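# Remarks on the overall topology
The lines below spell out each chain.
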Amino acid sequence: MNDPQPIDALIIGAGPSGSALAIDLVRRGLDVRIVDRSPHAFEGSRAKGIQPRSLEVLEDLGALDDVLAGGDIYPKLGLHAGPLSVPWKMFPHKEATPDVPYPNTWLIPQFRTDRALHARLGELGREVEFGKELTELTQHEDTVAATVVAADGAEEIVARYAVGADGGSSAVRKQLDIGFVGTTDDSDRVLIVDASVSGLTRNRWHMWPGLGGKLIGACPIPDSDMFQWMIRLTPDEKPPQEIGAIIDRVHSHTRNRRIQLHEIHWTSVFRPNIRLAKHYGHGRVFLVGDAAHVHTPAGAQGLNTGMQDGYNLGWKLGQVLAGADPALLATYEAERQPIAAGVLGLSTEKWGGIAKLDPSSMKRGKDEQQLSLTYYGGPLALADGIRTGTLRVGDRAPDARLLGADGAEIRLFNLFQGPHFTAVAYGPGAARDLELLDWPTTGAQLKRLTVGSAAGDGRAFSDPENTLRSAYGLTGDALLLIRPDGYIGHIATRDFLATTQAAVRAMTPQARTRSRQET
């Protein structure tokens, strides 16, 4: 192997977590490679629920249109008891509001989510390198050396940072010798089957519960003739493999011989691992997604939590590569590990409730939607910070509908979109100090917005319907700093310039030459 030149980042694993991170890093102008040991993209439905917060992330990354085109709103449950089928609203359907543009969980098979992310990565000039398996990882003072093996031989890739997004059996985590604490119940197994089906209505997510936790579910996959079947196996049951045996298993449980499976597209046996990595990285190597945490499927949390891991880590890697204090990277674990721990508890409780036929375990609400997740109290959002009537530092920054100087309506999220920070000055006093705010010339740039001031340079907006004022709980002048991942980095209701400048220093390169130019 030749002596390779270091790239900025190597990502091992091209599922939703790794792909979302790759998109975020590439759009920052970084030199990135993403490899995956599989010979091709994932082909199963597996994780099929995209939560509202993740839809916002996908919009920012530029992959939302394909995800919306490849899915649909979840149907009602159809709970079967003998010949009866009782409709049950698992997800409350909500209308979009100015602050929450995507209020409903989106049903889409994982292979389409992967496809949408890979297509977006391709638009940015990068492709997933399939068929390349990590065999060795060595850290040096300033770089990481990874040996990957493909059909044509071994290659050494040298990067300034590496990220393991390679699933629950992560080779990266094992190379780092990081503990994966939790349990795996080998007696609790679920056979997952993607199959073309007839004899079953597609306007329901069908469930046939049974005593002792026995369960079969069939969820329609949008824009196809397929259902995702979930067949909970008994402890000593051998999973059926042939289509005839799977049909017999379905018929014996459902007592409905009209149901016919015509073609099997993908199968997997799932064991509900409940595990959390003791650390989210070591040195110049980090873990995201299932490499850092694995959950039960209840509540559709795993894919969403993993994708948001990458979204949190991406801007921090970009800032440190641009010269910010490497201590910023320590905030990745500090912010994301407690989130995963909470999600593990939620999904485990739901999974246990399903086994007990508890109807509440089938309900989904705001806890699953991940809109209320917060970094408040963490290293970048200290608990003694100023808050507004509705928000604290570390909370998700809501959307709002504003009017530009030309009278055209624009969403606040459209102004947030991109790899930059955003500063929103509400009121003339905050607007004056925002003009004086210094910003580094390197790393993520700053977009400056004023709302309710008389500035006339195209960055001034009005809030005639008070959508921003209401969502952000504003009662007077305020200066808000929004991080690139859409969370509030600072709130100032007085001493705008001094307090905001102090918050900026923790998240940006401290270059000698500074600028007040916005993106």
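Residues numbered from 1 in each chain as written. Predicted model: local features only at pLDDT ≥ 70, side-chain atom pairs only at ≥ 80, totals over all residues. Heavy atoms only, no water.

## Here we look at the side chain of Q110
Mapped onto the fold, Q110 is located in helix α4 (residues 110–123). Looking at Q110, its side chain comes within polar contact range of the main-chain nitrogen of A47, at 3.3 Å. When residues no more than four places from it in sequence are discounted, the contact partners of Q110 are P16, F42, G44, S45, R46, A47 and L303. (Helix = DSSP H or I, 4+ residues; strand = E, 2+ residues; numbered from the N terminus. Polar contact = N/O pair within 3.5 Å; in protein donor to acceptor, adjacent residues only side chain to side chain. Contact = heavy atoms within 4.5 Å.)

## Details of the environment of R336
Following the sequence through the fold, R336 ends up in helix α8 (residues 330–355). Judged by its relative accessible area of 1%, R336 is buried. In sequence terms R336 and V288 are 48 residues apart; their C-alpha atoms lie 9.4 Å from each other. Those residues within four positions of R336 in sequence are excluded, and the remaining contacts are Y280, T305, Q308, D309, N312 and Y375. Reaching out from R336, the side chain makes a polar contact with the side chain of Y375 at a distance of 2.9 Å. (Buried < 20%, exposed > 50% of the residue type's maximum accessible area, 1.4 Å probe, protein only.)

## Regarding the sheet that holds strand β21 (residues 293–294)
Two pairing modes exist for strands in a sheet, parallel and antiparallel, and in both the strands are linked by backbone hydrogen bonds. On the basis of which strands lie adjacent, the open sheet formed by three strands has the order β12-β18-β21 and antiparallel pairing. Two strands close off the open sheet at either side, each with one partner strand: β12 (180–184) and β21. Both β12 and strand β18 (residues 273–277) contribute to a ladder of five bridges, which runs antiparallel. Bridging across to β18, V181 finds its partner in L276. (Pairing = 2+ DSSP bridges.)

## Overview of empty space enclosed by the protein
Here the idea is plain: a probe the size of a water molecule rolls over the atoms and shows the empty space left. Applying the stated criterion across every chain, the model contains two cavities of 30 Å³ or more. Lining the largest cavity are 18 residues, and of these D60, Y311, F413, F416 and G486 lie nearest its centre. When residues in the lining of the largest cavity are grouped by element, the largest group, five residues, is from helix α2 (residues 52–61). Its residues assigned to classes, the lining of the largest cavity shows seven nonpolar, five polar and six charged. (1 Å grid on protein atoms, 1.4 Å probe; cavity = no way out; pocket = protein on both sides within 12 Å on 5 of 7 lines; lining within 4 Å. Points joined across faces, edges and corners; volume = space filled by probe spheres on them. Nonpolar A, V, L, I, M, F, W, Y, C, P; charged D, E, K, R; others polar.)

## Digging into the packing of aromatic side chains
Applying the stated rule across the entire model yields ten aromatic pairs. An angle of 50° between the planes, with centres 5.6 Å apart, marks the rings of Y280 and Y332 as tilted. Residue Y280 is found in the loop between β18 and β19 (281–282), and its partner Y332 is found in helix α8; the two are separated by 52 residues along the sequence. Look at F413 and F416: their rings are 6.0 Å apart centre to centre, the planes differ by 35°, and that puts the pair in the tilted class. You can see F413 and its partner F416 sitting in helix α10 (residues 412–416), three residues apart, about one turn around the helix. The exposure class assigned to F413 is buried, which follows from its relative accessible area of 9%. A relative accessible area of 9% means that F416 is categorised as buried. Ring pairing ties together the aromatic residues Y161, Y280, F286 and Y332, which thus form one cluster. Seen from the ring of F42, R46 lies directly overhead, with NZ or CZ sitting 4.1 Å from the centre. In this structure, R284 packs its charged tip against the face of Y161, placed 4.7 Å from the ring centre. (Phe/Tyr/Trp six-rings, centres within 6.5 Å; stacked < 30°, edge-to-face > 60°. Lys NZ or Arg CZ within 6 Å of the ring centre and 35° of its normal.)

## Focus on the environment of Q241
When you line up the elements, Q241 lands in the loop between β16 (226–233) and α6 (243–254). A residue is classified by how much of its surface remains accessible, and Q241, at 63% relative accessible area, is exposed. Remark: the alpha-carbon pair of Q241 and S268, spanning 27 residues in sequence, is separated by 9.8 Å.

## Let's talk about the pairing of strand β26 (residues 446–451)
Most of β26 sits out of view: six of its six residues are buried. The side-chain alternation of β26 yields two buried faces, one formed by L446, R448 and T450 and the other by K447, L449 and V451. Sheet topology places β26 next to strand β27 (residues 460–462); two bridges connect them, and they run parallel. Bridging across to β27, V451 finds its partner in F461.

## Some remarks on the nonpolar core
Ranked by internal contacts, the top residues of the largest apolar core, which has 86 residues, are I11, L58 and L313. Apart from the residues within four sequence positions on either side, I11 is in contact with G18, L21, A22, L25, V32, R33, I34, V35, V163 and A165. (Core = buried A, V, L, I, M, F, W, Y, C linked by side-chain atoms within 4.5 Å.)

## Examining the confidence of the model for the protein chain
Here the protein chain shows a mean pLDDT of 91. Residues at 70 or above account for 90%. Long-range and interchain partners of residues 512–519, a stretch whose pLDDT sits below 50, account for 29 contacts in this model, where long-range means more than four residues apart. (pLDDT = per-residue confidence, 0-100.)

## Remarks on the side chain of T508
Within the secondary structure, T508 is located in the loop between α13 (496–505) and β30 (514–515). For T508, the side chain forms a polar contact with the main-chain oxygen of V504, separated by 2.9 Å. Engagement of the side chain of T508 in a polar contact is seen with the side chain of Q510, the distance being 3.0 Å.

## Describing the sheet that holds β26
Overall, mixed pairing links the seven strands, which are arranged β23-β22-β27-β26-β24-β28-β29 in an open sheet. The sheet terminates laterally at β23 (409–411) and β29 (488–492), the two strands that pair on one side only. Adjacent strand axes in the sheet meet at a mean angle of 30°, parallel and antiparallel pairs treated alike. Pairing analysis gives four bridges linking strand β28 (residues 478–482) to β29, with the strands arranged antiparallel. The partner of L479 across the bridge, within β29, is A492. (Axes fitted to C-alpha atoms, helices over the stretch in contact; angles between N-to-C directions.)

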